[in-house]
Amino acid sequence: MKIAMKESFYPFLQGGGEMGQLTRCFDWANTVVGSPDQWPQSLRTTVSNLLRSKFPMFLWWGPDMIQFYNDAYRPSLGNNGKHPYALGQLGKECWPEIWDIISPLHRLVEISGEPTWMEDQLVPIYRNGKIEDVYWTFSYSSVLDDEGRHAGILVTCNETTEKVLNLKKLKESEDALRFAIEATELGTWDYDPVTNKFSANNRLKEWFGLPIGKEIDLQLAINVMAEEDRQRVTEAIKQTLLDEKGGQYRIEYTIIHPATGKKRIVCAKGRAWFNSDKKCYRFNGTLQDVTEQVKSNKEIEEKSQELQLAMQVADLGMFRIDLVRDKATYSQRVMDWFGFKEQGLNLQTVSGYVHPDDRERVVTALEHSVTSEENSRHDVTYRLHQPGRPGRYLRSFGKTDFNKEGKAYRMVGVIQDVSEQMLIREQLQQSEAALQNRVAERTHDLQVQKTLLDSVVSNSTSALLYGESIRDEKGRLLDFRIVLANDKAAELFGFSNIQEFSSQTIRQIHKRVGAEDITDLYIHIVESGEPNILVYQDASLQRWFTISTVKLRDGFLTTCTDITETKLLQYQLESAITELKRSNANLEEFAHAASHDLKEPIRKIHFFTRQLKDHLGAHSDGKDMKSFNRIEDAAQRMGNLIDDLLQYSHVSQRPHQMEAVDLAQTIRDVTEDLEIDIQGKKAVITTQNLPVVRGHKRQLQQLFQNLVSNGLKYSKPDVAPVLEFTAGRTLENNQPYYWISLKDNGIGFEQQYEDRIFQIFSRLHGKAEYSGTGVGLSIVKKVLENHKGFIRVESSPGEGANFSIYLPTRESS
Ligand code: ADP
């Protein structure tokens, strides 16, 4: 810049601040413009206007485009840039960086004479030590010389860099907002309370099913809301519009798409704007689809309720330990269990509530869980220390949380009362121990039994053999392999070595010893399951065997017993019995014949004794008569004995013919026969329910005749005999019997003689007081044996006797 030594004074260069001064001091004389006093009028006027204007102005003058500018323009050149050198400088030299942009504009203005207008045009310039992007709104207009020719270009300009940048920023933040709205899938709405219309983004309109791109009446949107929400939303909008402090609006409601019926829960947020008259001029905001959120909130709510319930049902308690502050908090149940009075106890205090025996284990488990993430879980069971109370067992499961630095800061978990399980486990352990004992005992017993069985098997005098089935591929049973056999079995088949014997099959053995092969019999037994007993005579050995075989699992068990000795004894016995029977028959025949034959001499003794008595008549003295009487008595007794023996020999033969016998009738017949005795003794005989039985009529009559006559005979001297018959049915050894009892009120006898009285010729009472032969009750017994019945008696001296007769109903009915 060329500066004159002293400020020159020109009236047209007055004022203009710094630039006015610089222009005045500039050494114009050394430029092509020349000294100001030589300037044409139009230059003077233009520069004067320029310096005095508050609007930024710049002038290029002359063909070299010498430059002038004012204070208002000066800031646009920045610091450390073109100012102040630009003053008086050639345009081309001053703006080399943009000369290409601006010189065509100069040409345009020069040629057309028309001014230009550029708005927010980027024209980078060098200032502030660097090339800066600078925006301008400017106008170029032609300045004419005194002759009206184009002489320069006046630039009125305004730097709009800040405005452009602000606009740019605004756009960017708008873009960011739009992006955010897109990204967060928000709907936006803008309501004009004056027109009652609102606009919204497409998303919101889609949700509401409203026409895209139009302003909408608010009521249309309200109608889309679920009926139960409409009133509430309308009210909230009304309230917000009335709240002149610019109240916030936040409400959740459901919308139902009018076409698809799809339901959405939305959350509307917004704000009302008020002008200085406190009138709302705008109400806008966003709408968020919170369906999923509400759903998941609901789910979380439900889950947490479920959790609460589960905790309640499972009888769980909860705890949380703030490891940083060493404070524990717990649910009510935990407080009750431990007996805590307050929240926030430290860990050491809490561990004091644990049973001393378990404390160290619990503390170790918890300490371990805070060492690292991998060990963060703990599961520990312990007893509470509550002296005087049944120990409560608790199980604590928990997890320790670690912060980013890997430091444990919290422990949460649940506690379960496991007293019952522990009790059951204890009982289980006890019963398991008891069971093991029993198993051991049983095993021992079994071992003893096995040893016993082994010795029974090996010492058995019978051969024992278990053969297991050998089947072909179709399952047909062919043969048997020996699984178990004793020495006796091997010996029976002529094997001296049990091992060798056991290695053979049943068929092989039979073949080898040349015995009759009974393998097929065994097969039949296994297939049919029917047991078999075979008595087998080995002709060559001259011995008898019993082979009894049963099916056992898939095989047979057979025992083979040498019964040769028994067989021989049986033969001997049989021939002895035959011999006995023969001699019995002979004896009976003899007894019968003898009795018959003996009756005749007795009758003769009677006859001749009476004749002798009559003949001697008065000649005989008392002594003789006594002797006669004794002879007659003895003969009488002899006769009775012979009668009884005859009877006995009759009943000794089993009756061949059975018939229905009405026992009531039998008793009537008996009492008729004994009528004289009955009347003589004034005896009373009663009967009750006497049955009709199958039997031998005559023998049954003999039976009852003997019993009744005994009842009359063994009566007490001054007491009239009472004989009571009662009867019924009964079971003896599970067999049905008629039971007939005869109870008398006679002299009775000691119970110890109950068997003896039924033996033949056996008598308890002397013949002087009670006549008899001792045969009657043996006849009774014999008759009952013939009828497969039996007799019992109960008696004691002076108490009478009670005889009970049992006759099988099947045999006798
Ligand atoms: P006896 O001919 O002697 O009567 P029994 O064989 O009929 O022979 O009886 C055997 C013995 O049983 C009798 O001698 C008597 O001592 C005793 N006896 C039998 N019936 C009765 C009874 N009803 N009361 C007491 N004793 C009896």
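Above this text is the structure in question.
Quick notes on the rules
- Residues numbered from 1 in each chain as written.
- Predicted model: local features only at pLDDT ≥ 70, side-chain atom pairs only at ≥ 80, totals over all residues.
- Heavy atoms only, no water.
- 1 Å grid on protein atoms, 1.4 Å probe; cavity = no way out; pocket = protein on both sides within 12 Å on 5 of 7 lines; lining within 4 Å.
- Points joined across faces, edges and corners; volume = space filled by probe spheres on them.
- Helix = DSSP H or I, 4+ residues; strand = E, 2+ residues; numbered from the N terminus.
- Nonpolar A, V, L, I, M, F, W, Y, C, P; charged D, E, K, R; others polar.
- Core = buried A, V, L, I, M, F, W, Y, C linked by side-chain atoms within 4.5 Å.
- Buried < 20%, exposed > 50% of the residue type's maximum accessible area, 1.4 Å probe, protein only.
- Contact = heavy atoms within 4.5 Å.
- Salt bridge = Lys/Arg side-chain N within 4 Å of Asp/Glu carboxyl O.
- Pairing = 2+ DSSP bridges.
- Axes fitted to C-alpha atoms, helices over the stretch in contact; angles between N-to-C directions.
- Near = heavy atom within 4 Å.
- Polar contact = N/O pair within 3.5 Å; in protein donor to acceptor, adjacent residues only side chain to side chain.
- Sits in = over half its atoms within 2 Å of the grid points.

Tallying each qualifying case throughout the model produces two cavities of 30 Å³ or more. For the largest cavity, the lining is made up of 16 residues, of which Trp189, Leu218, Ile237, Tyr249 and Tyr253 are closest to its centre. Secondary-structure elements contributing two or more residues to the lining of the largest cavity are β8 (186–192), α6 (202–208), α7 (218–224), α8 (227–242), β11 (248–256) and β13 (280–289). Looking at side-chain class alone, the lining of the largest cavity contains 16 nonpolar, no polar and no charged residues. Volume-wise, the second largest cavity comes out at about 150 Å³. Forming the boundary of the second largest cavity are 13 residues, of which Trp60, Tyr73, Val123, Trp136 and Tyr140 lie nearest the centre. Broken down by secondary-structure element, the contributors of at least two residues to the lining of the second largest cavity are β1 (57–61), β6 (135–144) and β7 (150–159). When residues of the lining of the second largest cavity are assigned to their parent elements, the largest contribution, three residues, is made by β6.

What follows covers the nonpolar core. In this structure, Trp39, Leu59, Trp60, Phe68, Trp95 and Tyr140 are the most contacted members of the largest nonpolar core, which totals 45 residues. Going through the elements one at a time, α1 (17–25), α2 (41–52), β1, β2 (66–69), α4 (99–112), β6 and β7 are the ones with two or more residues in this core. Phe68 has contacts with Thr23, Trp28, Trp39, Leu43, Val47, Leu50, Met57, Phe58, Leu59, Trp61 and Leu87, leaving out every residue within four places of it along the chain. Counting residues in hydrophobic clusters, the runner-up holds 37 residues, among them Val670, Leu707, Phe725 and Ile740.

Another point: the environment of Leu568. Within the secondary structure layout, Leu568 lies in helix α18 (residues 564–616). Sequence separation between Leu568 and Ser419 is 149 residues, and the spatial gap between their C-alpha atoms is 76 Å.

Glancing now at the pattern of salt bridges. Throughout the structure, instances matching the rule amount to 40 salt bridges. Close ionic contact of Glu110 with Arg107 constitutes a salt bridge, the shortest N to O distance being 3.7 Å. Here Glu110 pairs with Arg107, and both are found in helix α4, just three residues apart, close to one helical turn. What makes Arg107 partly exposed here is its relative accessible area of 47%.

Time to look at the layout of surface pockets. Roughly 1,000 Å³ of internal volume is contained in the largest pocket. In this structure, the largest pocket is lined by 41 residues; those nearest its centre are Ser709, Asn710, Lys713, Ser771 and Gly772. Sort the elements by how many residues they give to the lining of the largest pocket and helix α22 (residues 697–713) lands first, with 10 residues. Looking at the lining of the largest pocket residue by residue, the classes come out as 12 nonpolar, 20 polar and nine charged.

Take unusual backbone geometry next. With an omega of 0°, the peptide bond running from His83 to Pro84 counts as cis. Mapped onto the secondary structure, Pro84 falls in the loop between β2 and α3 (91–94). The backbone of Asn733 sits at a positive phi, close to 50°, despite the residue not being glycine. As for its placement among the helices and strands, Asn733 is situated in the loop between β27 (722–732) and β28 (735–743). Using a relative accessible area of 74% as the deciding quantity, one classes Asn733 as exposed. Positive phi, normally seen in glycine, also occurs at Phe761, with a value near 65°. Examined against the element boundaries, Phe761 turns out to sit in the loop between β28 and α23 (776–786). Given the relative accessible area of 47%, Phe761 is considered partly exposed.

On the basis of which strands lie adjacent, the open sheet formed by five strands has the order β25-β27-β28-β30-β29 and mixed pairing. A strand with exactly one partner marks an edge of an open sheet, and here the two such strands are β25 (684–686) and β29 (790–795). The average angle at which neighbouring strand axes cross in this sheet is 20°, direction not considered. Judged from the seven bridges that link them, β28 and strand β30 (residues 801–808) form a sheet pairing that is antiparallel. Bridge assignment links Tyr738 to a residue of β30, and that residue is Leu807. Where α23 meets the sheet, its contacts fall on β29 and β30, and the angle it forms with β30 comes to roughly 25°.

Around the ligand sit 17 residues, and of these Tyr714, Arg763, His765, Thr773 and Leu777 come closest. In this structure, an oxygen atom belonging to the ligand sits 3.0 Å away from a main-chain N or O atom of Gly774. Contact distances for the ligand include 2.9 Å between an oxygen atom and a backbone N or O atom of Leu777. For the ligand, the cavity whose grid points lie within 2 Å of the majority of its atoms is the largest pocket. Elements represented by at least two residues in the shell around the ligand include exactly α22 and α23.

What is shown is where atoms sit, not what they do.
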